[in-house]
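Below are the chains, spelled out letter by letter.
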Amino acid sequence: MPDSSPLFTKIDHVGLAVPDLDKAIAFYAETFGIVSVHEETNDEQGVREAMLRVGDGSTLIQLLAPIDDTSTIAKFLDRNGPGVQQVAYTVDDVEAVGATLRERGLRLLYDEPRRGTANSRVNFVHPKDTGGVLMELVEHAADDDAH
């Protein structure tokens with residue numbers, strides 16, 4: 001029987017695909033009082049993104065807007081429209097968790113982790129292996145200002 005120790009330390013954030021980042025940031029601030037605490041462009045992922053702190057800040061919403069028509073988020077928006085794109089989980093060691101998940105028969109999108117928000121290291125579990133939900137694994141950088 002496989003080790004049943006938890007691989008995730010918490011739900012890190014929920015990622016929402018949006019066509020216009022600035023409009024989405026304004027909507028969340030004006031409508032819900034939830035403000036952006038970190039914004040950046042991730043050229044490798046093809047997105048402009050913002051992290052919005054909810055409540056005490058232990059939970060975040062990530063807004064993701066494409067920087068061009070070839071990005072994964074642009075393709076997601078074309079297929080599905082705006083909405084939930086992924087659920088992200090904090091992990092202590094993205095490579096170790098990825099290896100465990102591969103041993104358990106799941107596919108990860110990348111062979112090696114990539115740079116995520118605020119220099120975190122990330123990988124994704126294929127949605128076909130998780131009931132249709134894209135799962136992001138997030139190992140935070142020691143100096144992460146988004147959390």
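Everything discussed here concerns the structure shown above.
Below: a short report on this structure. (Residues numbered from 1 in each chain as written. Predicted model: local features only at pLDDT ≥ 70, side-chain atom pairs only at ≥ 80, totals over all residues. Heavy atoms only, no water.)

The next subject is the overall build of the protein chain. Helix and strand counts for the protein chain stand at 3 helices and 8 strands. Reading the helices (α) and strands (β) of the protein chain from amino to carboxyl end gives β-α-β-β-β-α-β-α-β-β-β. On C-alpha atoms alone, the protein chain measures out to a radius of gyration of 15 Å, which is about the 15 Å that the 2.2 N^0.38 rule sets for 147 residues. Looking at the protein chain as a whole, 44% of its 147 residues qualify as buried. Within the protein chain, counting contacts between residues at least 6 apart in sequence, those at least 24 apart form 56% of the total. (Helix = DSSP H or I, 4+ residues; strand = E, 2+ residues; numbered from the N terminus. Rg over C-alpha atoms; globule rule 2.2 N^0.38 Å. Buried < 20%, exposed > 50% of the residue type's maximum accessible area, 1.4 Å probe, protein only. Contact = heavy atoms within 4.5 Å.)

Before going further, it helps to spend a moment on the pairing of strand E3 (residues 47-54). In this sheet, E3 lies alongside strand E2 (residues 36-42) in antiparallel orientation, the contact comprising 6 bridges. Each residue of the ladder has a partner; that of Asn-42, found in E3, is Val-47. The hairpin formed by E2 and E3 contains 4 residues between the paired strands, and Gly-46 there has a positive phi angle of roughly 75°. Alignment of E3 against strand E4 (residues 59-66), held across 8 bridges, turns out to be antiparallel. Looking at E4, one finds that Ala-50 is bridged to Leu-63. Here E3 folds back onto E4, and the loop between the two strands holds 4 residues, one of which, Gly-55, carries a positive phi near 60°. (Pairing = 2+ DSSP bridges.)

A separate point is the side chain of Gln-45. Tracing the chain through its elements places Gln-45 in the loop between E2 and E3. What makes Gln-45 buried here is its relative accessible area of 18%. In this structure the side chain of Gln-45 is engaged in a polar contact, spanning 3.3 Å, whose partner is the side chain of Tyr-110. Beyond its immediate stretch of four places on either side in the chain, Gln-45 contacts Ser-71, Tyr-110, Arg-114 and Arg-115. (Polar contact = N/O pair within 3.5 Å; in protein donor to acceptor, adjacent residues only side chain to side chain.)

Our next topic: the environment of Gly-46. Looking at the element boundaries, Gly-46 is found in the loop between E2 and E3. With 23 residues separating them along the chain, Gly-46 and Asp-69 place their C-alpha atoms 9.1 Å apart. In this structure, Gly-46 is in contact with Ala-65, Pro-66, Ile-67 and Ser-71, ignoring residues within four places of it in sequence.

Glancing now at unusual backbone geometry. The phi torsion at Ala-118 lies on the positive side, around 55°, for a residue other than glycine. Along the chain, the position of Ala-118 falls in the loop between strand E6 (114-115) and strand E7 (121-125). You will see that Asn-119, though not glycine, has its phi angle at about 65°, which is positive. Among the structural elements, Asn-119 can be located in the loop between E6 and E7.

According to the stated counting rule, one finds 5 aromatic pairs in the structure shown. Ring plane angle 90° and centroid distance 5.6 Å describe the contact between Phe-27 and Tyr-28, whose orientation is recorded as edge-to-face. A relative accessible area of 41% means that Phe-27 is categorised as partly exposed. By relative accessible area, which is 15% here, Tyr-28 ends up buried. (Phe/Tyr/Trp six-rings, centres within 6.5 Å; stacked < 30°, edge-to-face > 60°.)

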